[in-house]
Structures are given as structure tokens and as C-alpha cells.
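Spelled out from the first residue to the last, the chains are:
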Amino acid sequence: MTAPGRPTSQKTAWAEINGDEVTINNVRNCDYRTETDFTTHCEKRTVRLSQIAGLDVAIMYWGSPYMAHPIASFRFADALPICFSIETRKRIGQEYSALRGLYRQYTLIYIVADERDSIRVRTNYRHGEDVYLYHIVASPAETRERFLEYLNALNTLHTHPLWYNAITTNCTTNIRTQRPMLKRIPWDWRILVNGKADELCMNAT
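Here's what I pulled together on the structure shown here. No experiment lies behind these values; they were computed from the predicted model shown.

The next thing to look at is the overall build of the protein chain. Looking only at helices and strands, one finds five helices and 10 strands in the protein chain. Within the span of the protein chain, comprising 205 residues, buried residues form 44% of the whole. The long-range share in the protein chain, meaning contacts at least 24 apart out of those at least 6 apart in sequence, stands at 63%.

The subject of this paragraph is helix 3 (residues 140-159). With 20 residues, helix 3 should cover 28 Å at 1.5 Å per step; its first-to-last C-alpha distance of 29 Å lies within 8% of that length. Looking at helix 3, one finds that the buried residues are T143, R146, F147, E149, Y150, L151, A153, L154 and L157.

Turning our eyes to something else, we now look at a nonpolar patch on the surface. On the surface, L102, Y103, I167, W187 and L192 cluster together into a nonpolar patch covering about 510 Å² of accessible area. Judged by relative accessible area, L102 falls into the partly exposed class, the value being 33%.

With that settled, consider the side chain of D117. Mapping D117 onto the fold places it in helix 1 (residues 115-118). Those residues in contact with D117 that lie beyond four places of it in its chain are R28, N29, C30 and Y32.

Looking now at the nonpolar core. Grouped together as the largest cluster of nonpolar side chains are 27 residues, with contacts concentrated most on I24 and F147. For this core, the secondary-structure elements that each account for two or more residues are strand 2 (21-28), strand 6 (52-61), strand 7 (69-76), strand 8 (82-89), strand 9 (107-114) and helix 3. At six residues, the largest contribution of residues to this core is made by helix 3. The residues touching F147, leaving out its near neighbours within four places in the chain, are V22, I24, V47, L49, I52, F74, F76 and F84.

Another point: the packing of aromatic side chains. Applying the stated rule across the entire model yields 11 aromatic pairs. Each ring, one from Y32 and one from F38, has its centre 5.2 Å from the other, and the planes form 50°; the classification is tilted. Ring plane angle 40° and centroid distance 4.8 Å describe the contact between F84 and Y150, whose orientation is recorded as tilted. Of this pair, F84 sits in strand 8 while Y150 sits in helix 3, and the two are 66 residues apart along the sequence. For Y150, a relative accessible area of 4% corresponds to the buried category.

Tallied over the full model, the rule gives 17 salt bridges. Across the pair E149 and R146 runs a salt bridge whose closest N-O atoms are separated by 2.8 Å. One end of the pair is E149 and the other is R146, both in helix 3 and three residues apart, which spans about a single turn. Between R190 and D188 there is a salt bridge, with the nearest N and O atoms lying 2.9 Å from each other. Note on R190: relative accessible area 12%, which makes it buried.

If you trace the backbone, Y164 turns up in the loop between helix 3 and helix 4 (173-177). Residue classification places Y164 among the buried positions, given a relative accessible area of 9%. Between the alpha carbons of Y164 and I86 there is a distance of 9.8 Å; along the sequence they are 78 residues apart.

Along a regular strand, successive side chains alternate from one face of the sheet to the other. Burial analysis of strand 8 places eight of its eight residues in the buried class, the great majority of the element. Pairing of strand 7 with strand 8, which is carried by three bridges, proceeds in the antiparallel orientation. By the bridge assignment, S73 is partnered in strand 8 with C83. Between strand 7 and strand 8, which pair antiparallel one after the other, the connecting turn spans five residues.

If you trace the backbone, F74 turns up in strand 7. Under the relative-accessibility criterion, F74 is labelled buried at 0%. Taking the C-alpha atoms as reference points, F74 and L55, 19 residues apart in sequence, are found 4.6 Å from one another. Leave out the neighbours within four places in its chain, and F74 touches G54, L55, P81, I82, F84, T143, R146, F147 and Y150.

Here is what the cut-offs are and how they apply
- Residues numbered from 1 in each chain as written.
- Predicted model: local features only at pLDDT ≥ 70, side-chain atom pairs only at ≥ 80, totals over all residues.
- Heavy atoms only, no water.
- Helix = DSSP H or I, 4+ residues; strand = E, 2+ residues; numbered from the N terminus.
- Buried < 20%, exposed > 50% of the residue type's maximum accessible area, 1.4 Å probe, protein only.
- Contact = heavy atoms within 4.5 Å.
- Expected span 1.5 Å × (residues − 1).
- Patch = residues over 30% accessible without salt bridge, like charges linked within 9 Å, V, L, I, M, F, W, Y side chains within 5 Å.
- Areas by Shrake-Rupley, 256 points an atom, 1.4 Å probe, with all protein chains shown as cover.
- Salt bridge = Lys/Arg side-chain N within 4 Å of Asp/Glu carboxyl O.
- Core = buried A, V, L, I, M, F, W, Y, C linked by side-chain atoms within 4.5 Å.
- Phe/Tyr/Trp six-rings, centres within 6.5 Å; stacked < 30°, edge-to-face > 60°.
- Pairing = 2+ DSSP bridges.

In C-alpha cells, the structure reads:
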């Protein structure tokens, strides 16, 4: 199921956890001139779990108010934010189609990026896309737990690729299913109609 990705998703990220210290390899930090004209940089970032200061969720809309794309951004007291965007890993020249997304046409990828990359490209360079940023109220322990869940999913995908599915395995359903079974929020229709994800966040624990 491996496939050469586009320049922005060619390298998959993975994390090395050593006690309090986490080193993430292949953090994307593109230098954008326009949406399609950019220089790709992949970096190694080291952060400390004890310095996690909070979690924000950016929700992007590009047309329908019922469909959106969420990005989780973890803030640190002594380092730049780290973003996680769950996306399709497309082959060079391949475009996204919701219909094809039902039939094993794309693999799933967790893009780990600098906030100035993954969010700024949507606020500053893409046309017709609106971005809303929400601050998640959670304790440091809860935020660390969510960060480690992303890292665990990231490392699993790095060694065992999965198919993307537009309904069952996508940018929103995976935020829920990467959690341990007993800690997942109950199934909710807004997980599929994820333009309502801001309402869902208000009710989630």
C-alpha cells in the first residue's frame, strides 16, 4: 500500500519517545510563495512532554458548512507548536475524489507540521478557505495523553500503512478511534458531518 507521495506528503513522520523527551522526524515546514509554489523542508523536532502547554483545534471550511477539515495543534512552553493533520496520501498527479475515497485509492497519512506551514497555507495562500481556531480546555495531563495518542497512531502508520476511507477512516473518525476504546466519545452524527465539529468539541470530554 505504499506509494510515492506528492512533495508535501512524500515523507512519513515518526516519533522516538525517551522518557520526557520526544523527537519527531520529518516534521514538514514548507516555505510557501503561493499555494502551488513552495520549497519543502523536513525537520527533526525535539519537545518535552512536561512542557506541553495546551491544545488548539483549527477547523477549515472550503465550501459547504457541513464539511470541514480539523487540525490539532499542540502548544509547548519552550518550543514551537506541533500540528497533526490527518489526510490522504496521494500519488503524484492524483487528485482527491470523495467517491474514490471509498475504494482504497489513497493511503492514510498523519502529516506532522509546523503551525506556520499547515495552518498558514490555508489562511494566507489558499483561496476560498476559512479557518477557525478553537482553544481546548483540558488539563496538562489530558493534553499530554492526547499528544501521545497522536504519536502512537503516527508510529503505527509509519510501519503499518492503512487505507484511507472517506467514511470510516478519515481526518475526523481517526481522532476518535486513535483513543483507547474505553475513552472514546460516544458515536455522534457530527463525526461524519464534521462541519459541526465545533459543536462536538464543546460536548466532548
